[in-house]
Amino acid sequence: MRLRRSRCLTCYWHDGAFVVHPHPHGMPTALHPAAAEVLAAFEDWTTPGEAVELLGHLAPETAEEAVTALVRCGALLLHGSEEALDDERAARRWGSWMPEASFFHHATQGVYDPAPATPDAPGSAPSTPDAPDPAPAGSLPAPGPQEAPGPRPPLFTGFPDAPRVLLPRRPAGLRAPFDEVLYDRRTHRDFTGAPVSLETLASLLATTFGPVDFIDCGRGALYRRTSPQGGSRQEIDAYVGALRVDGLDPGWYHYDGLEHALGLLSEGCTPEDAVHLCAGQAWAGRPAFLVVLAARLERMSLKYPTPRAYRVCLLDAGHLGQTFALTATALGLGPAQTGAFRDSEVAGRCGLDGTGSVPLYVLAAGRPAPVDEDAPPPAGVAAFGATVLSGP
Ligand SMILES: Cc1cc2nc3c(=O)[nH]c(=O)nc-3n(C[C@H](O)[C@H](O)[C@H](O)COP(=O)(O)O)c2cc1C
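Please read these numbers as outputs of a predicted model, since none were measured by experiment.

Trainee: Would you take a moment to explain the side chain of arginine 299 for this structure?
Mentor: Secondary-structure assignment places arginine 299 in helix α9 (residues 297-301). Classification of arginine 299 as buried rests on a relative accessible area of 3%. There is a polar contact of 3.0 Å between the side chain of arginine 299 and the backbone oxygen of glutamine 234. The residues contacting arginine 299, other than those within four sequence positions of it, are Pro153, Pro154, Leu155, Phe156, Thr157, Arg233, Gln234, Glu235 and Asp237.

Here is the structure:
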């Protein structure tokens, strides 16, 4: 019998226990930390006898016991088994995204209890992140499982000490036909450099991030926006990096949706800094403003303790990004967005700790250049010729 360590394996400490977590098929299992050494002996196909020899300083029965537990949890795979073939396929497909992305994807896929299984007590009852509470007929649907008791984070993030600008409330016209807005929306990377009015910025912020209505979740009020948001937790806050906005000094601001105000967090915001923050992308210095979407995690985790809920934060950011892009288009602006930014520096500009409140997405908008020099050309014969259009 020859065994090999799973290529898709992550080990960590959780609640004081050493956990071996193979994925996608294995099961997170709390083991003695010596398991890591045993796993090291199975870099390539190895018999348990050979491994025991390699691990000479461990008592043979300890090593054998560990091998049994590691096979059971899927961390050691049998040569020629379906699991071993699957493991190779998974390692090939995830390639350079391993181990971080594959682990995140698979470890948050299942419905594991936060506590890892022990070899003799595997698994636990599944839970779904958006399973509704039983609600009396006619009442509003509950947004999810029971919230943990204790103080709730405020519905709206506030920076009471920040100097603020109350924004104009005159709504800008958003009457452009929906089909025009939808098909006209394009990512812009070239802008005229003309400033955007405070009214336009205010309309974009209110429409995308402001509250639309308030609902009773059974433990208090929640609010809804123009975008769907998991459990209506509204964990995502918006921070504005103003580069060229009439009536607004360049700087970093928090958008307070309750007051419809911008609170100044740090003075100054230059095109060079915007480019730096967006990982050196030249276009990032050209829009009139950037908008950082940052998740205040406790708003989500308090209600949904399963780590899977972090995925919902990412999905929520995507929804807000699309609403932002469509609204900007309807307002005559060119929208842009990027997932490539310097997380900790962006967090610093926005006055965030970068741990409990984390930037997820950077959006931008400005007056679009009449001809976008950075726009990709339409695909022609050569491009189609180089493309496999369909296949299995
Ligand atoms: C999540 C996400 C991240 C993106 N990141 C970048 C980026 O880092 N740099 C960039 O120039 N464009 C970025 N884009 C824009 C895409 O390249 C663009 O959406 C795509 O080419 C399709 O063009 P369209 O938006 O005009 O339909 C991003 C888009 C999305 C949705």
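Trainee: Would you explain the site of the ligand in this entry?
Mentor: Around the ligand, the structure places Arg185, Arg186, Thr187, Arg189, Gln281, Trp283, Gln337, Thr338, Gly339, Ala340 and Tyr361. Glutamine 337 has a polar backbone atom sitting 3.5 Å from a nitrogen atom of the ligand. When the free accessible area of the ligand is taken as 620 Å², the share hidden by the protein chains comes to 55%.

Trainee: For this particular structure, what's the right way to read the UniProt feature "domain: Nitroreductase" (unreviewed entry) in the chain?
Mentor: The positions that UniProt labels "domain: Nitroreductase" (unreviewed entry) are, in the present scheme, residues 184-366. Counted over residues 184-366, helix gives 30% and strand 28%. Its end C-alpha atoms are 15 Å apart.

Trainee: I tried to follow the packing of aromatic side chains on my own but got confused; where do I start?
Mentor: Centre-to-centre distance and the angle between the planes together describe a pair of aromatic rings. Applying the stated rule across the entire model yields eight aromatic pairs. A ring pair is formed by phenylalanine 156 and tyrosine 223, whose centres lie 4.3 Å apart and whose planes are at 5°; its orientation type is stacked. With a gap of 67 residues between them, phenylalanine 156 in the loop between α5 (100-107) and β6 (164-166) and tyrosine 223 in strand β8 (residues 221-224) connect regions that are remote in the sequence. A network of ring pairs unites the aromatic residues Phe156, Phe214 and Tyr223 as a single cluster.

Trainee: Help me understand the domain arrangement of the chain, please; the structure alone is not making it clear to me.
Mentor: By a frequent convention, interface size equals the accessible area lost on bringing the separate parts together. What the domain assignment lists for the chain is domain 1 (3-107) and domain 2 (164-366). Distance between the C-alpha centres of domain 1 and domain 2: 42 Å.

Trainee: Explanation requested: the pairing of strand β14 (residues 357-366) in the structure shown.
Mentor: Across the 10 residues of β14, nine count as buried, placing the element largely inside the fold. Judged from the eight bridges that link them, strand β12 (residues 289-296) and β14 form a sheet pairing that is antiparallel. Residue valine 291 lies in a different strand from β14, and its bridge partner there is leucine 363. By the bridge criterion, five bridges tie strand β13 (residues 334-338) to β14 in an arrangement that is antiparallel. For glycine 334, the partnering residue across the bridge sits in β14 and is glycine 366.

Trainee: Hey, could you run me through the packing of helix α7 (residues 198-209) against helix α10 (residues 309-330) in this one?
Mentor: Any two packed helices are characterised by how steeply their axes cross, that is the angle between the axes, and by the distance between the axes. Taken N-terminus to C-terminus, the directions of α7 and α10 make an angle of 145°; their axes are 9 Å apart at the nearest point. Remark: the crossing between α7 and α10 carries right-handed chirality. Contacts between α7 and α10 involve Leu204, Thr207, Thr208 and Phe209 on the former and, on the latter, Leu320, Thr323, Phe324, Thr327 and Ala328.

Trainee: I tried to follow the pairing of strand β10 (residues 251-256) on my own but got confused; where do I start?
Mentor: Two faces belong to every sheet, and in a regular strand the side chains alternate between them. Buried residues dominate β10, accounting for six of its six residues. Burial along β10 is two-sided: the face carrying Gly251, Tyr253 and Tyr255 and the face carrying Trp252, His254 and Asp256 are both buried. Relative to strand β11 (residues 261-267), β10 runs antiparallel, the two being bridged by six bridges. Pairing of tryptophan 252 across the sheet is with serine 266, part of β11. Linking β10 back to β11 in an antiparallel pair, the connection comprises four residues, with histidine 260 at a positive phi of about 50°.

Trainee: Is there a simple way to think about the nonpolar core in this case?
Mentor: Leu201, Leu205, Phe209, Leu262, Phe289, Val291 and Leu293 are the most contacted members of the largest nonpolar core, which has 37 residues in total. Among the elements that line this core, the one with the most residues is α10, at seven residues. In contact with leucine 205, other than residues within four places in its own chain, are Leu167, Gly210, Val240, Tyr255, Leu262 and Val291.

The rules we used
- Residues numbered from 1 in each chain as written.
- Predicted model: local features only at pLDDT ≥ 70, side-chain atom pairs only at ≥ 80, totals over all residues.
- Heavy atoms only, no water.
- Helix = DSSP H or I, 4+ residues; strand = E, 2+ residues; numbered from the N terminus.
- Buried < 20%, exposed > 50% of the residue type's maximum accessible area, 1.4 Å probe, protein only.
- Polar contact = N/O pair within 3.5 Å; in protein donor to acceptor, adjacent residues only side chain to side chain.
- Contact = heavy atoms within 4.5 Å.
- Near = heavy atom within 4 Å.
- Areas by Shrake-Rupley, 256 points an atom, 1.4 Å probe, with all protein chains shown as cover.
- UniProt positions renumbered as here; feature names shortened; annotations may be inferred.
- Phe/Tyr/Trp six-rings, centres within 6.5 Å; stacked < 30°, edge-to-face > 60°.
- Domains from an automatic or database assignment.
- Pairing = 2+ DSSP bridges.
- Axes fitted to C-alpha atoms, helices over the stretch in contact; angles between N-to-C directions.
- Left-handed = near helix turned anticlockwise from the far one by under 90°.
- Core = buried A, V, L, I, M, F, W, Y, C linked by side-chain atoms within 4.5 Å.

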